[in-house]
Amino acid sequence: MIMVCYIGVGSNIGDRWAYINKAVVLFKKTPGIRLKKVSSVYETKPQGGPRGQGDYLNLVLKADCSLEPGRLLKVLQRIEKKVGRKPRKRRCAAREIDLDILLYGGERIEEKDLKVPHPLMQDRFFVLKPLSDLTPRLKHPLSGRNVLEMLLSLRERGRWRKCHEEIIP
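Now for a look at the structure at hand.

About the cut-offs
- Residues numbered from 1 in each chain as written.
- Predicted model: local features only at pLDDT ≥ 70, side-chain atom pairs only at ≥ 80, totals over all residues.
- Heavy atoms only, no water.
- Helix = DSSP H or I, 4+ residues; strand = E, 2+ residues; numbered from the N terminus.
- Rg over C-alpha atoms; globule rule 2.2 N^0.38 Å.
- Buried < 20%, exposed > 50% of the residue type's maximum accessible area, 1.4 Å probe, protein only.
- Lys, Arg positive; Asp, Glu negative; His and termini not counted.
- Charge placed at Lys NZ, Arg CZ, Asp CG, Glu CD.
- Pairing = 2+ DSSP bridges.
- Expected span 1.5 Å × (residues − 1).
- Contact = heavy atoms within 4.5 Å.
- Salt bridge = Lys/Arg side-chain N within 4 Å of Asp/Glu carboxyl O.
- Arc of directions from axis to C-beta.

## A closer look at the overall build of the chain
Within the chain one finds 4 helices and 8 strands. Helices (α) and strands (β) of the chain occur, in sequence order from the N terminus, as β-α-β-β-β-α-β-β-β-α-α-β. Its C-alpha atoms give the chain a radius of gyration of 15 Å, within 12% of the compact-globule value 15 Å for 169 residues. Seen along its three principal axes, the alpha-carbon backbone of the chain occupies a region of about 40 × 35 × 35 Å. When the 169 residues of the chain are sorted by exposure, 47% land in the buried category. If the 35 positive side-chain charges of the chain are averaged to one point and the 19 negative ones to another, these points end up 2 Å apart.

So, in C-alpha cells, the structure goes:
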C-alpha cells in the first residue's frame, strides 16, 4: 500500500547545504520511496536545546512511500548516519542532519520510538512554514486543523528567512 508521507529535514552544523542535499539524494534513491515535492528552505533560530547553537536550515519533503512506518524510520536513521550525523548526549542538541516523519498518510502511530503525527509539529514554525509550501490545506489527523490554520495560530515564530538557494531533488 502506498502512503503519502511528509519528512522534516534540518541541519545546523557544518556545511548545512551539503548535508541536506546528500540526505535528499539518498532519500530519493531509496527503494519504496518516490519523492514528489521539496519545499522551500527556511533558516530559523534553534528552538529548545543548549544555547549557542547555529541557525537551522529546514525544509519538508513530500513522498509516496510503500515502506511500513517502522521501516521508514530505520531508513531515515540510516540516511542520517550516512550523511554524517554523530550521536549526541543531549536532546535537541545541534546536529549535522535531522530527519523526522511528520505525517504518514492519515495514520496515528504510538510506539516507543515512533509517534506520528510528529507530536510537536503543530507548535513548530520551522515545520509548519515549509509544510505550508507543499500543502496548506492538509488536515492534521488528530486536531482536524489544516496546516495554514496551525501556522497562523502560532504565537512564537522567531526570526526566520526564506533561502533562495535550491535543494537538488
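## Describing the pairing of strand E5 (residues 98-104)
Counted residue by residue, E5 has 6 buried out of 7 residues, so it is predominantly covered. Alignment of strand E1 (residues 3-11) against E5, held across 6 bridges, turns out to be antiparallel. By the bridge assignment, Gly 8 is partnered in E5 with Asp 100.

## Overview of the pairing of E1
The element E1 is largely enclosed, with a buried count of 8 among its 9 residues. Pairing between E1 and strand E4 (residues 56-65): 9 bridges, direction antiparallel. If you follow Ser 11 over to E4, its bridge partner there is Leu 57.

## Quick look at helix H1 (residues 16-28)
In an α-helix there are 3.6 residues to a turn, and that puts residues three or four apart on one side. Helix length check: H1 (13 residues) gives 18 Å between terminal C-alpha atoms against 18 Å at 1.5 Å per residue, within 8%. Of all the residues in H1, the buried ones are Arg 16, Trp 17, Tyr 19, Ile 20, Asn 21, Ala 23, Val 24 and Phe 27. Looking at the packing, one finds that the buried side of H1 touches E1, strand E2 (33-38), strand E3 (42-44), E4, helix H2 (69-83) and E5.

## Quick word on unusual backbone geometry
A negative phi angle characterises most non-glycine residues, just as the trans form characterises most peptide bonds. Backbone torsion omega between Val 116 and Pro 117 reads 0°, so that peptide bond is classified as cis. One can find Pro 117 in the loop between strand E7 (115-116) and helix H3 (125-134).

## Details of the environment of Ile 97
Note on placement: Ile 97 falls in the loop between H2 and E5. As a C-alpha pair, Ile 97 and Arg 16 span 81 residues in sequence and 7.9 Å in three-dimensional space. Filtering out sequence-adjacent residues up to four positions away, Ile 97 remains in contact with Val 9, Gly 10, Tyr 19, Ile 20, Ala 23, Glu 80, Val 83 and Arg 85.

## Side note on the pattern of salt bridges
Pairing is possible between side chains of opposite charge, provided their charged atoms come close. In the structure shown here, the tally under the stated rule is 9 salt bridges. Between Asp 64 and Lys 36 there is a salt bridge whose closest N-O contact spans 3.8 Å. Of this pair, Asp 64 sits in strand E4 while Lys 36 sits in strand E2, and the two are 28 residues apart along the sequence. Judged by its relative accessible area of 16%, Asp 64 falls in the buried class. The shortest N-O distance in the salt bridge between Glu 110 and Arg 108 comes to 4.0 Å.

## A closer look at H2
Between its first and last C-alpha atoms H2 spans 21 Å; for 15 residues at 1.5 Å apiece the expected length is 21 Å, and the two agree. When we look at burial in H2, the residues that qualify are Pro 69, Leu 72, Leu 73, Val 75, Leu 76, Ile 79, Glu 80 and Val 83. The buried residues of H2 occupy an angular sector of 160° when the element is viewed end-on, so they sit on one face. For H2, the exposed residues set more than 90 degrees away from the buried face come down to Lys 74, Lys 81 and Lys 82. Summarising the contacts, the buried residues of H2 are in contact with E1, H1, E2, E4, E5 and strand E6 (109-110). Count one or two residues on from H2 and you reach Gly 84, which has phi positive near 125°.

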